[in-house]
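In case you want the letters, here they are:
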Amino acid sequence: MGRASPRPSSSTSSSKEECALSSTKKFLLSGLALFLLLVLTAGPITWVFAPKSLEGPWDMTNKTGGFYNEPRGEITATFFGSSHIYASLSPLELWHETGVKSYVFATQLQPMWATYTYLKEALKYQSPQLVVVECNMMGNNTEYHDNGVNFSYMDDLRFSLDKVALAKVSAPKGERAPLLWNFMMYHGRWDELEEEDYHTRKEDLHDPYKGYVLLPGQAVRPETIPPEEGESGNLSEKNVYWLNRIIDLCQSRGIDLWLIKAPSNPALEDTQRLRMEEVARIAAERGVPFDDFNNSYQEMGLTLDDFYDQRHLNGGGAVKFTDYFAYLMNRRYPDLFAESEEADWQADYEAYAAKLTELA
């Protein structure tokens, strides 16, 4: 009979188990270290490759990114929407007239679902008493916008679960990942990188105009735009849904909400008028004020000379609109916190007023 093989001693078995555990631990620690390295380097690398708009008047990187660097709790009123609001409302002019500090947290063709996310984002950093939403994009019935629009409102938003949710409603499946990690979109910019790409820091972004775009003179004389074939005054279900989400959010937080249509054409096409009437109907049903300022040109003193192009006010036009808006705001919301004695805002206002004089 052959002898049975000797059984390994318990000490040998224990030693092998310890080696296995040690190897597993090293593997996990190496994996964790690699993950942390990717996390720590992905952000800075992504920021370097992302295009930056730093030259006025369309310095949207400063305007969107600069919002995050405003002192916490300083802003009393926040404005949201598309270019129609950032070219119409000057927070410095509003402050000069009322003492109310505000910021225009708007982007190019900002759809209503993006406005909802921008509002949620603003409420993380500020505690506004008044939220103003410009409703131009209620008249746009596009289900998904192109990359130019999507990245303009996604790029400078800080990463959060709200940004993930925004990506889901901004693009169909298979096209959402680049909206969250735009390195997938911009990694081919090697040959385009400039000094500002390497040396611009997010924490240094600041816009003295508080999100307002100061446009000079007149590039295009406004004229009536005829409706396109098939257009109607109906609003898309998607836009109506997100408008109601905006109303719900403000009402749940006890924040005053004012829906407006900023001046966009002194000779409006019927389609836009009908769509704004639908917005007015929804606002009335929800108990929210709505004002279409295209019906108030005479009261504001606006003329064709006050438009930069077909849809946007120039600097002089924005002063007229902002002053009129300030008058109505003071009457409707007399209890807004005002602080007219503020050295930084005064300095910014004086520089803004000088620029207006220069452009006149």
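The preceding data block contains the structure.
Quick caveat: nothing in here was measured; it's all calculated off a predicted structure.

Some thoughts on the nonpolar core
Then, in step 1: Residues Val133, Leu257, Leu259 and Tyr352 are the most contacted members of the largest nonpolar core, which totals 61 residues.
Then, in step 2: No other element matches helix α5 (residues 112–125), which puts nine residues into this core.
Then, in step 3: Once residues within four sequence positions are removed from consideration, leucine 259 is found in contact with Val133, Cys135, Leu243, Ala283, Val288, Pro289, Phe290 and Asp291.
Then, in step 4: Counting residues in hydrophobic clusters, the runner-up holds 32 residues, among them Met60, Leu94, Val132 and Leu313.

Remarks on the pattern of salt bridges
Then, in step 1: Tallying each qualifying case throughout the model produces 22 salt bridges.
Then, in step 2: Aspartate 59 is the partner of lysine 63 in a salt bridge, and the nearest nitrogen-oxygen pair spans 3.3 Å.
Then, in step 3: A salt bridge links arginine 221 to aspartate 305; the shortest N-O distance between them is 2.7 Å. Placement of the pair is arginine 221 in the loop between α10 (195–199) and α11 (237–253) and aspartate 305 in the loop between α13 (297–300) and α14 (315–332), with a sequence separation of 84 residues.
Then, in step 4: One connected set of salt bridges, linked through shared partners, spans Glu74, Lys101, Glu339 and Glu342.

Digging into the sheet that holds strand β3 (residues 130–134)
Then, in step 1: The five strands are arranged β2-β1-β3-β4-β5 in an open sheet whose pairing can be described as parallel. The open sheet terminates on both sides in strands that have one partner only, identified here as β2 (102–104) and β5 (290–292). Strand-to-strand twist of the sheet, defined as the mean angle between neighbouring strand axes without regard to direction, takes the value 20°.
Then, in step 2: Of the strands in this sheet, β4 (256–261) and β5 touch helix α12 (residues 270–286), which is tilted by about 165° from β5.

What to know about the environment of aspartate 156
Then, in step 1: Within the secondary structure, aspartate 156 sits in the loop between α6 (147–154) and α7 (161–170).
Then, in step 2: The spatial distance from the C-alpha of aspartate 156 to the C-alpha of threonine 64 is 6.3 Å, given a sequence separation of 92 residues.
Then, in step 3: With residues near it in sequence (within four places) discarded, aspartate 156 still touches Trp47, Met60, Thr61, Thr64, Gly65 and Tyr68.

Digging into α11
Then, in step 1: Taking 1.5 Å per residue, 17 residues should reach 24 Å; α11 reaches 25 Å between its end C-alpha atoms and fits that length.
Then, in step 2: Three or more residues of α11 are buried, namely Lys238, Asn239, Trp242, Leu243, Ile246, Ile247, Leu249 and Cys250.
Then, in step 3: On the buried face of α11, the contacting elements are α5, β3, α7, β4 and α12.
Then, in step 4: At the C-terminal side of α11, glycine 254 shows a positive phi close to 70°.

Some details on the packing of α5 against α11
Packed helices, taken two at a time, are described by the angle between their axes plus the distance between the axes.
Then, in step 1: Two elements in contact, α5 and α11, have axes whose closest approach is 8 Å; the angle formed by their N-to-C orientations is 20°. Regarding the angle of α5 to α11, the classification is roughly parallel. The two elements α5 and α11 meet at a crossing, and its hand is left-handed. Contacts between α5 and α11 involve Met112, Trp113, Thr115, Tyr116, Leu119, Lys120 and Leu123 on the former and, on the latter, Lys238, Asn239, Trp242, Leu243, Arg245, Ile246, Leu249, Cys250 and Arg253.

Considering the packing of aromatic side chains
Then, in step 1: Taken as a whole and judged by the stated rule, the model has 25 aromatic pairs.
Then, in step 2: Here tryptophan 258 and phenylalanine 293 contribute two aromatic rings whose centre-to-centre distance is 6.5 Å and whose plane-to-plane angle is 55°, an arrangement assigned as tilted. Within this pair, whereas tryptophan 258 is found in strand β4, its partner phenylalanine 293 is found in the loop between β5 and α13, the two being separated by 35 residues in sequence.
Then, in step 3: Of the aromatic side chains, those joined through ring pairs into one cluster are Phe67, Tyr68, Phe80, Tyr103, Phe105, Tyr118 and Tyr125.

Calculation notes
- Residues numbered from 1 in each chain as written.
- Predicted model: local features only at pLDDT ≥ 70, side-chain atom pairs only at ≥ 80, totals over all residues.
- Heavy atoms only, no water.
- Core = buried A, V, L, I, M, F, W, Y, C linked by side-chain atoms within 4.5 Å.
- Buried < 20%, exposed > 50% of the residue type's maximum accessible area, 1.4 Å probe, protein only.
- Helix = DSSP H or I, 4+ residues; strand = E, 2+ residues; numbered from the N terminus.
- Contact = heavy atoms within 4.5 Å.
- Salt bridge = Lys/Arg side-chain N within 4 Å of Asp/Glu carboxyl O.
- Pairing = 2+ DSSP bridges.
- Axes fitted to C-alpha atoms, helices over the stretch in contact; angles between N-to-C directions.
- Expected span 1.5 Å × (residues − 1).
- Parallel < 35°, antiparallel > 145°, perpendicular 65-115°, else oblique.
- Left-handed = near helix turned anticlockwise from the far one by under 90°.
- Phe/Tyr/Trp six-rings, centres within 6.5 Å; stacked < 30°, edge-to-face > 60°.

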